[in-house]
Amino acid sequence: METQIKKLDYERPDEKVIAEAGRIILAGGLVAFPTETVYGLGGDALNPESSKKIYAAKGRPSDNPLIVHIADKEDLYRIARTVPEKAEKLMEAFWPGPLTMIFDKNELVPGETTGGLDTVAVRMPSDRIAAAFIKAAGGFVAAPSANVSGRPSTTTAAHVAEDLSGRIEMILDGGQAVIGLESTIVDMTVDPPVILRPGAVTKEMMEEQIGAVEVDKAMIAPDSGIRPKAPGMKYRHYAPKADLTIVEGRTEDVTEAIRRMVGETMSQGKKAGIIATDETASCYPEGLVMSLGARKHEEEIAMHLFEVLRRFDETDVDCIYSESFEESPIGPAIMNRLLKAAGHKVIHV
Ligand code: TXA
Ligand code: MG
């Protein structure tokens, strides 16, 4: 299959291209599309055959449910059995935007889309191209992140093409995803609601709207053997080819420790890489340094993380050392992805 790549102007997306993309979905095909978080690999959420194709294109286990994307808040009531009042408050505050909520599903949503679960994850993206595309595609687009299973999520159309060219009908190119990390996922089928994956909508932001919100224990203590409630969170993710270690501590201590470890790695005849920031990049005289952006703008760090992980895969470094990013508000979401990429290999200094 030849994958068509269509560049769109964010301000005025070409309606003919959007309509064509919508027709592909309604005919059971697959289209990757931009959202404000990461690119999605879209198919018709109400067509079981489309969902099967999504799993096949990604190489993803079919017990790992997909998020259903909508473009109209009212459409939630067509697929959720019940919508708790707290969910309506969160919807009011954060939709459209980077928040996915989980509800009990009704019969309209096939089990193929939800990995066999009785619940469905729903998100309404704020990206204008995404919204127009979802409408043209019938209103319910199932979409995981548009990457081959296990690789970093995609934040540009070029990354999508790298992973999925030849496997899907079309890629809508809407430029760089502005957030760069996947949406926050919160389970609304329990009270208090539970965060299953951290993202740009933080615990504190939700608590301001609805009071107490909990965090999935598997997320806090990933090595505890507790099974995460989001099936996807149990899989190894984003892992670069090189051996990644995260170094935590005060910035001066971290840069010094990384310098030393890079020296040790090189003295063993191996190649070292460093994930740094604009502020610290010049602290490393040796090793291949890639900056995520300015530490004082944590949004930049989030936006570039997946891209830098991908770029390291194009190099021949054996070991990568990364600085850490605990600061709020997006820090926990960044660290969640970095820790997964590192298989939780962390050194405290
Ligand atoms: O920002 C995002 O959420 C992006 C864009 C494309 O919208 N999508 C995304 O999808 O990250 P994906 O499939 O890569 O991650 C969805 C996560 C998986 O970990 C999955 O297990 C979990 O959501 N999930 C989906 N439905 C669920 C459900 N009913 N119950 C629990 N977890 C669910
Ligand atoms: Mg994903």
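These lines cover the structure that appears in this document, whether it is placed above or below.

Definitions and cut-offs
Residues numbered from 1 in each chain as written. Chains lettered and ligands numbered in written order. Predicted model: local features only at pLDDT ≥ 70, side-chain atom pairs only at ≥ 80, totals over all residues. Heavy atoms only, no water. Helix = DSSP H or I, 4+ residues; strand = E, 2+ residues; numbered from the N terminus. Rg over C-alpha atoms; globule rule 2.2 N^0.38 Å. Buried < 20%, exposed > 50% of the residue type's maximum accessible area, 1.4 Å probe, protein only. Contact = heavy atoms within 4.5 Å. Areas by Shrake-Rupley, 256 points an atom, 1.4 Å probe, with all protein chains shown as cover. Lys, Arg positive; Asp, Glu negative; His and termini not counted. Charge placed at Lys NZ, Arg CZ, Asp CG, Glu CD. Core = buried A, V, L, I, M, F, W, Y, C linked by side-chain atoms within 4.5 Å. Phe/Tyr/Trp six-rings, centres within 6.5 Å; stacked < 30°, edge-to-face > 60°. Pairing = 2+ DSSP bridges.

Helices and strands together make up the secondary structure of the chain, namely 11 helices and 16 strands. Taken over C-alpha atoms, the radius of gyration comes to 20 Å for the chain, in line with the 20 Å a tight globule of 349 residues would show. Taken over the C-alpha atoms alone, the chain extends approximately 60 × 50 × 35 Å along its principal axes. Counting only residues that meet the buried cut, the chain has 55% of its 349 residues in that class. Counting contacts in the chain only where the partners sit at least 6 residues apart, residues at least 24 apart contribute 68% of the total. Just so you have it, the chain exposes about 14600 Å², and 50% of that area is on carbon and sulfur atoms. Treating the 40 positive side-chain charges of the chain as one cloud and the 54 negative ones as another, the clouds have centres 4 Å apart.

Of all hydrophobic cores here, the largest spans 44 residues; its most connected members are Leu 76, Leu 90, Trp 95, Leu 99, Met 101, Phe 103 and Met 206. Contributing elements (two or more residues each) for this core: α2 (48-58), α3 (76-79), α4 (85-94), β5 (99-104), β6 (119-123), α6 (157-164) and α7 (203-210). With residues near it in sequence (within four places) discarded, Met 206 still touches Leu 90, Phe 94, Leu 99, Thr 184, Val 186, Ile 195, Val 201, Gly 211 and Val 213.

A word on the packing of aromatic side chains. Tallied over the entire structure, the rule returns 2 aromatic pairs. When the ring of Phe 33 is compared with that of Phe 133, the centres are 4.9 Å apart and the planes differ by 40 degrees; the resulting orientation is tilted. Taken together, the positions of Phe 33 in strand β2 (residues 31-33) and Phe 133 in helix α5 (residues 128-136) put the pair 100 residues apart, joining distant regions of the chain. A residue is classified by how much of its surface remains accessible, and Phe 33, at 0% relative accessible area, is buried. Considering the side-chain rings of Tyr 238 and Phe 306, the 4.9 Å spacing of their centres and the 40 degrees angle between planes classify their relative orientation as tilted. A residue pair is termed long-range when its members are at least 10 positions apart, and Tyr 238 in the loop between α8 (217-220) and β12 (243-248) and Phe 306 in helix α10 (residues 298-313) qualify at 68 residues. For the residue pair Tyr 238 and Phe 306, the accessibility class agrees, reading buried in each case.

With an omega dihedral of -5 degrees, the bond running from Trp 95 to Pro 96 counts as a cis peptide bond. In this chain, Asp 191 is followed by Pro 192 through a cis amide linkage whose omega measures 0 degrees. Mapped onto the elements of the fold, Pro 192 is located in the loop between β9 (184-187) and β10 (194-197). Within the chain, Tyr 238 stands out as a residue other than glycine whose phi angle is a positive 60 degrees. We note that His 344 has phi near 65 degrees; this positive angle belongs to a residue other than glycine. In this fold, His 344 is placed in the loop between α11 (331-341) and β16 (346-348).

Within strand β3 (residues 40-44), 5 of the 5 residues are buried, leaving the element largely enclosed by the surrounding structure. Sheet topology places β2 next to β3; 3 bridges connect them, and they run antiparallel. Each residue of the ladder has a partner; that of Val 31, found in β3, is Gly 42. Taking the residues between adjacent antiparallel strands as the criterion, β2 and β3 are bridged by 6 residues. The pairing of β3 with strand β7 (residues 141-142) spans 2 bridges and is antiparallel. Directly across from Gly 43, in β7, lies its bridge partner Ala 142.

This part takes up the pairing of β6. The buried fraction of β6 amounts to 4 of the 5 residues, a majority that puts the element mostly inside the structure. Pairing geometry for strand β4 (residues 67-69) and β6, over 3 bridges, is parallel. Paired with His 69 across the bridge in β6 is Arg 123. Where β5 meets β6, 5 bridges bridge the pair, whose relative direction is antiparallel. In the strand pairing of β6, Phe 103 is matched with Val 120.

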